[in-house]
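Here is what each chain is made of, one letter per residue.
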Amino acid sequence: MRRSVGIGLLMTLACPLVVAGQGVPAADSLAKAASAASAANTVAINFVWTLVAGFLVMFMQAGFAMVETGFTRAKNAAHTITMNFMVYGIAMLAYWAIGFALQAGGVGALGTLGGYDKLAHEVSLTIAGKEWGLFGGTGFFLTGVAYTAPVFAYFLFQMVFMDTAATIPTGALAERWKFSAFVVFSVFVGAFIYPIYANWTWGGGWLAMLGKNLGLGHGHVDFAGSSVVHMTGGVMALVTAALLGPRRGKYNADGSVNAIPGHNIPMALIGTFILAFGWFGFNAGSTLAGSDLRIGVIATNTMLAGAAGSIAAMLYMWTKYGKPDPSMLANGALAGLVAITAPCAFVTAPSAVLIGGIAGVLVCVSVFFVERNLKVDDPVGAISVHGTCGLWGILSLGLLADGTYGDGWNGVNGAVRGLFYGDASQFVAQAIGGIANFVGVGAMAFVAYKITAFVVSGHRVAPHVEELGLDLPEMGALAYPDTHEIGSAVILSETASGGGIGQLQPEPEAV
């Protein structure tokens, strides 16, 4: 009996020790499971955030369609809005087939989306022992990555950014561009022009490596696309609009300018609201991580800069011309949004307001400079909104990034700092990125324009088509069949024999 009691006591004392001994690995296993679940949840949150942001950016296409159509004449409304509609599908398929691989084929691990690292083939040059990336080489037609969710999510997000750039030239070339030329040129944008510059900045290309290879800050930094998206679109618009020539009646024989007002200002302003809404996805979504709490700062800076741009444009126009001008208020808001797109994650709220306010004035000055001094006809102000203010956006980052974000950006230790916060080399990298965009994108746009002209026998519609409106001749349908106004035609020049108004004089396409 005593022996049984003794054994029982020993077992009672031993059990806690046994349980305690087994508890360490059990607890460790639970901790590992919890950590893995937390990591999986973080990746899932990032996926959802990236996709929802991409959906918002896709909706911006509706905003662009309304802005550009509202700023052009009623007789061309169906043509203008159809270009904005079809650029989505045309440029997207070109990007799917070729462009995505050129842009992101060497991007490396998609860290926030699970770490997939097979997009790792960057075609590059080796100079002085340094690698300088030119374009990617994997992912054509999304092959080799079938059902790889991180790549598909990244493709969707990057595709809608490309489409934003692709739609910018449609506004600058509106009211005289052949639809067939638009179709072919848009293929070049989605397949080559946008992806190559995007690779240089976002795909591990040579602009991104200016920091690691030459010690210029963190290389060319563009958080959400002031240069990659907007300046690219603006430079394409400048080159092609200059080559295409102005609309009939825009300039008089003495070089003076005639205003050609749009037909629906409310449509354009509603489109601006849609764009401003989509911009939250554009900028904050560029974290590719809903788990990055900086998204709150980014979204607020975006909103503040857009507001400052509209107010600055209003005050400038009101002071200089006596009226605030609704079209310039819209462009002022868009200018502020374009400018803050590059520095939105790196600057304080007062800096965001300053950046947006300067952009609001800058776009007004640029619109008149492009129209009066360069003699380039841009019906919607796309060159100034996206090109001029896109350049200002990347330069403002090089001035005002305050060193609180971006540690490890482009493989460089430390946060991103601008000139006013102690790193002049970052401003140099930003300026190099702007020059590379103007030269590289401009050259590619010129070549694409010439090839397109050869393929479709010229870019410009016939004079009588432009005079009477592109809707029926080009699209086969009127935007407003019950209220079509032939009287909205601007110029019916007199013949040399004095035969009166009504004889159209041919205007050769500019080269």
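As a starting point, this report considers the structure included with it. All figures in this text were calculated on a predicted structure; none of them were measured in a lab. (Residues numbered from 1 in each chain as written. Predicted model: local features only at pLDDT ≥ 70, side-chain atom pairs only at ≥ 80, totals over all residues. Heavy atoms only, no water.)

1. Concerning the overall build of the chain
- Looking only at helices and strands, one finds 14 helices and two strands in the chain.
- In the chain, 76% of the contacts between residues at least 6 apart in sequence involve partners at least 24 apart.
- Approximately 20900 Å² of the chain is accessible, and the part contributed by carbon and sulfur atoms is 71%. (Helix = DSSP H or I, 4+ residues; strand = E, 2+ residues; numbered from the N terminus. Contact = heavy atoms within 4.5 Å. Areas by Shrake-Rupley, 256 points an atom, 1.4 Å probe, with all protein chains shown as cover.)

2. Concerning the packing of helix α9 (residues 326-340) against helix α10 (residues 349-372)
- Where α9 contacts α10, the axes come no closer than 7 Å and their chain directions differ by 130°. Taken together, the axes of α9 and α10 lie oblique to each other. Crossing hand, α9 versus α10: right-handed. Touching Met328, Asn331, Gly332, Ala335, Gly336, Ala339 and Ile340 of α9 are Ala352, Ile355, Gly356, Ala359, Gly360, Val363, Cys364 and Val367, all from α10.
- For the contact of α9 with α10, the class distribution of residues is 10 nonpolar, five polar and no charged. (Axes fitted to C-alpha atoms, helices over the stretch in contact; angles between N-to-C directions. Parallel < 35°, antiparallel > 145°, perpendicular 65-115°, else oblique. Left-handed = near helix turned anticlockwise from the far one by under 90°. Nonpolar A, V, L, I, M, F, W, Y, C, P; charged D, E, K, R; others polar.)

3. Considering the side chain of Asn437
- Relative to the helices and strands, Asn437 resides in helix α12 (residues 424-456).
- Accessibility expressed as a relative area gives 0% for Asn437, which makes it buried.
- Polar contacts involving the side chain of Asn437 include one to the main-chain carbonyl oxygen of Ser227, which spans 3.1 Å. (Buried < 20%, exposed > 50% of the residue type's maximum accessible area, 1.4 Å probe, protein only. Polar contact = N/O pair within 3.5 Å; in protein donor to acceptor, adjacent residues only side chain to side chain.)

4. Observations concerning the side chain of Arg294
- Relative to the helices and strands, Arg294 is located in the loop between α7 (265-284) and α8 (295-321).
- Look at Arg294: it is buried, it has no salt bridge, and the nearest opposite charge is Asp402 at 4.7 Å.
- Only 3.0 Å separates the side chain of Arg294 from the backbone oxygen of Ala345, close enough to count as a polar contact.
- Sequence-distant contacts of Arg294, that is, excluding residues within four places in its chain, are made with Ala345, Thr404 and Tyr405. (Lys, Arg positive; Asp, Glu negative; His and termini not counted. Salt bridge = Lys/Arg side-chain N within 4 Å of Asp/Glu carboxyl O.)

5. Remarks on unusual backbone geometry
- You will see that Leu288, though not glycine, has its phi angle at about 55°, which is positive.
- Mapped onto the elements, Leu288 comes out in the loop between α7 and α8.
- Judged by relative accessible area, Leu288 falls into the buried class, the value being 15%.
- Phi at Asp325 takes a positive value of approximately 65°, unusual for a residue other than glycine.
- Here Asp325 is to be found in the loop between α8 and α9.

6. Some points on the pattern of salt bridges
- Counting across every chain of the model gives eight salt bridges.
- When the shortest N-O distance is used, the salt bridge between Arg73 and Glu175 registers 2.9 Å. A residue pair is termed long-range when its members are at least 10 positions apart, and Arg73 in the loop between α1 (2-70) and α2 (77-104) and Glu175 in the loop between α3 (149-172) and α4 (179-202) qualify at 102 residues.
- By relative accessible area, which is 5% here, Arg73 ends up buried.
- Put simply, Glu466 and Arg460 hold a salt bridge, and the shortest N to O gap is 3.0 Å. For the pair formed by Glu466 and Arg460, the shared burial category is buried.
- Taken together, the shared-partner salt bridges connect Arg73, Glu175, Arg247 and Asp377 into one network.

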